[in-house]
Each structure stands twice: as C-alpha cells, then as structure tokens.
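# Structural features, examined
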Amino acid sequence: MKKGRSPLPDAPLPGLGEAPLFPSAGEPVEPHYHGHRERLRQRFAEAEGRLPDYELLELLLFRSIPRRDVKPLAKALIARFGSLAEVLGAPIARLKEVDGVSDGVAGDLKIVEAAGHRLAKGGIAKRPVLSTSAALIDYCRSTMAFAEREIFRILFLDTKNGLIADEVQQRGTVNHTPVYPREVVKRALELSATALILVHNHPSGDPSPSSADVSMTRTIADVAGQLGIVVHDHIIIGRDGHVSLKAQRLF
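Not measured: the values here are computed from a predicted model. (Residues numbered from 1 in each chain as written. Predicted model: local features only at pLDDT ≥ 70, side-chain atom pairs only at ≥ 80, totals over all residues. Heavy atoms only, no water.)

Another aspect to go through is the environment of Pro207. Here Pro207 is to be found in the loop between strand 3 (195-201) and helix 9 (211-225). Taking relative accessible area as the criterion, Pro207 reaches 9% and is therefore assigned buried. Expressed as a C-alpha distance, the spacing of Pro207 and Asp240, which sit 33 residues apart in the sequence, is 7.1 Å. Dropping the residues within four chain positions of it, Pro207 is found in contact with His202, Ile236, Ile237, Gly238, Gly241, His242 and Val243. (Helix = DSSP H or I, 4+ residues; strand = E, 2+ residues; numbered from the N terminus. Buried < 20%, exposed > 50% of the residue type's maximum accessible area, 1.4 Å probe, protein only. Contact = heavy atoms within 4.5 Å.)

This is the structure in structure tokens:
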C-alpha cells in the first residue's frame, strides 16, 4: 500500500449504524417500489373506499407487472381514459395504445371488468328486478356506461319480475342502434317472458332520450302489449347518469 493511504475502517462509519457501507457482491438490492407497494396495500386494507382511482389501478397492475414501478402507467391510463371504470371498460386495442400495456396487462384488466359485471349482476339475478332499482342501475352502468358504441339490451322478466335472461340484442354505431320491435317480442315469447326492461347507452355521455328513442319505445310497448307482455321501462345509460323513460312519462 502506498505511503499516506489509509485503509477503509473496519467499523461502521458514524451515523450508519451496523449497515454495511456498500452491499456485498451478489447481494440483491430491493427495488425502491417494493416499499411503496406494501404501503399502498396497507392503505387499501385500512381505507379501500378512499383510495383515488390511480392507486386502485396500481394495485391491479401489481400482479400483472411484478418487477416494475407501475404508478406512471396507472396515471397514464387514468389520464387517457378519465377514470378507473373507463380504463376497465376500454377496448383492448385502445388499452394497448398506452405505452407499457401488453397483451397480458390488457387481458388482466378485462378479467377484472368481467368480474365486476358478474358482481353487479348478482345484485339483480335472484330477486325481483323492480325491487332492486339501485342494483339494476349499477349493473347497467357497469356493463354499458363506458362502451364506445351503442348497445341495446333487454332484461326478460317472469310473472314475479324475476330475471329470466339478460341479452344484448343489437350493437350499433357511436350514435345509432337498429332495433326491430318484432324481434324483441319474438324473443320474449321464446323465453315465456311476461315483462321487459329495455336498456341502451349513449356513448356521447348524455343520457337524454332522443325522439327516435321515445318513438321506438312506444312501438315496442304497443306491439308487446297486444300479446300480454309489459314494458316496465326503457333506461338510457350515459357517463353522466341515466334517464328512465317511464319516470319521464314518455311512454
């Protein structure tokens, strides 16, 4: 050793406790985001309902992307689509336009979306639909509010207003869905349904009914009524809320 050089001290430097000055060769260094993940999981356990959308999305992304900080991706997805619900409702092709979203990540998000739909549907599946209006709206919003094209679905009910079937009858464009009253009634007869609830979405976000919506509803109600089938309501779903044509006395 050259004269004047002092070796590194064997004892820890003041203020460093017993921690080594440098990690040993081959010793793994825990990524900085690991501590963040544990803290976020703890916050979720203590107050899940108060976490912002991007942090809930982070929690979902933890399992899809185990070895990377996912906060930037979560924030980018929320910035792109607007909310957690809209991220989950976005088509796979649009999700993959965001840098960092692979096929696997997009697929995992759609699995969560499908699970959410099943959960919401469970609120109306085994009880009279008309007695669970809040659950019905929650279900319709979860399945349709953030769709990019119009969807026309029908809830077919029995004599006790129990749900027989929930079917999407038509998918349309961004502002129009062709609906054929004869096909609606034909399907109701096939299922032995005695009542219907019509539901469709407005991708624009505004749930206000158009004159075409009102006219179509009146036509279906008239045709169905002649065969003893009641149209209980037509609900229009938008990002900004929903409108009941029955409550508005439009048919």
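Next comes the rest of the description.
Take the side chain of Ser244 next. Tracing the backbone through its elements, the reader meets Ser244 in strand 5 (residues 241-244). A polar contact of 2.6 Å, which involves the side chain of Ser244, links it to the side chain of Asp233. Every residue in contact with Ser244, bar those within four places of it in the chain, is listed here: Asp233 and His234. (Polar contact = N/O pair within 3.5 Å; in protein donor to acceptor, adjacent residues only side chain to side chain.)

In this section: the packing of aromatic side chains. A full pass over the atoms with the stated rule returns 0 aromatic pairs. The residue whose ring lies beneath Lys75 is Tyr54, and the NZ or CZ to ring-centre distance is 4.9 Å. The ring centre of Phe251 lies 4.8 Å from the NZ or CZ of Lys246, which sits over that ring. (Phe/Tyr/Trp six-rings, centres within 6.5 Å; stacked < 30°, edge-to-face > 60°. Lys NZ or Arg CZ within 6 Å of the ring centre and 35° of its normal.)

We now examine the sheet that holds strand 4 (residues 230-238). Within the open sheet, the 5 strands sit side by side as 2-1-3-4-5. Their pairing is mixed. Each edge of the sheet is formed by a strand with only one pairing partner; in this case those strands are strand 2 (163-171) and strand 5. Averaged over all neighbouring strand pairs, the angle between strand axes comes to 20 degrees, with direction disregarded. (Pairing = 2+ DSSP bridges. Axes fitted to C-alpha atoms, helices over the stretch in contact; angles between N-to-C directions.)

Let us now look at the pattern of salt bridges. All chains considered together, the criterion is met by 10 salt bridges. With a closest N to O distance of 3.0 Å, Asp166 and Arg153 form a salt bridge. Of this pair, Asp166 sits in strand 2 while Arg153 sits in strand 1 (residues 151-157), and the two are 13 residues apart along the sequence. By relative accessible area, Asp166 is classed as buried at 16%. Of the residues examined, Arg153 reaches a relative accessible area of 8% and is grouped as buried. Glu167 is the salt-bridge partner of Arg187, the closest N and O atoms lying 2.6 Å from each other. Of this pair, Arg187 sits in helix 8 (residues 181-190) while Glu167 sits in strand 2, and the two are 20 residues apart along the sequence. (Salt bridge = Lys/Arg side-chain N within 4 Å of Asp/Glu carboxyl O.)

On to the nonpolar core. Of all hydrophobic cores here, the largest spans 23 residues; its most connected members are Leu57, Leu61, Leu77, Val87, Leu95 and Val101. Contributions of two or more residues to this core are made by helix 2 (53-64), helix 3 (71-81), helix 4 (84-89) and helix 6 (103-125). Of all the elements, helix 3 adds the most residues to this core, at 5 residues. Sequence-distant contacts of Leu77, that is, excluding residues within four places in its chain, are made with Leu57, Leu61, Gly82, Val87, Leu95, Val98 and Val101. Listed in part, the 21 residues of the second largest apolar core include Cys140, Phe146, Ile197 and Val199. (Core = buried A, V, L, I, M, F, W, Y, C linked by side-chain atoms within 4.5 Å.)

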